[in-house]
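Chain by chain, the residues:
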Amino acid sequence: MQEILVAIIGIVVGAIIIYKIYGFFFSKNPKTGSCGCSNCHCSSAKKHVK
């Protein structure tokens, strides 16, 4: 019984890791900043000066 639970948890953790890596490399959302946000100080997009 314990081996089955360990195997299920291992499969779930592996699936989550694969999903995160896939989402990191193949994300369709455009990210303008190096930190992933678009309106913060680390954004590399040019800001308009009034």
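Structural data are supplied above this passage.
## As for the overall build of the chain
Across its full length, the chain holds 1 helix and 0 strands. Residues counted as buried form 6% of the 50 residues belonging to the chain. Taken as a whole, the chain presents about 5,100 Å² of accessible surface, with 68% of it coming from carbon and sulfur.

## Considering the packing of aromatic side chains
The tally for this structure, following the rule as stated, stands at 2 aromatic pairs. Measuring from centroid to centroid gives 5.0 Å for Tyr22 and Phe26, while their planes differ by 40°, and the two rings are tilted. Aromatic side chains Phe24 and Phe25 sit 5.1 Å apart centroid to centroid with 80° between the ring planes, which places their arrangement in the edge-to-face category. As far as the burial class goes, Phe24 and Phe25 line up, both exposed.

## A look at a nonpolar patch on the surface
Together, Ile9, Val13, Ile17, Ile21, Tyr22, Phe24, Phe25 and Phe26 make up a nonpolar patch on the protein surface, roughly 920 Å² of accessible area in all. Mapping Phe24 onto the fold places it in helix α1 (residues 2–25).

Each value, and the rule that gives it
Residues numbered from 1 in each chain as written. Predicted model: local features only at pLDDT ≥ 70, side-chain atom pairs only at ≥ 80, totals over all residues. Heavy atoms only, no water. Helix = DSSP H or I, 4+ residues; strand = E, 2+ residues; numbered from the N terminus. Buried < 20%, exposed > 50% of the residue type's maximum accessible area, 1.4 Å probe, protein only. Areas by Shrake-Rupley, 256 points an atom, 1.4 Å probe, with all protein chains shown as cover. Phe/Tyr/Trp six-rings, centres within 6.5 Å; stacked < 30°, edge-to-face > 60°. Patch = residues over 30% accessible without salt bridge, like charges linked within 9 Å, V, L, I, M, F, W, Y side chains within 5 Å. Salt bridge = Lys/Arg side-chain N within 4 Å of Asp/Glu carboxyl O.

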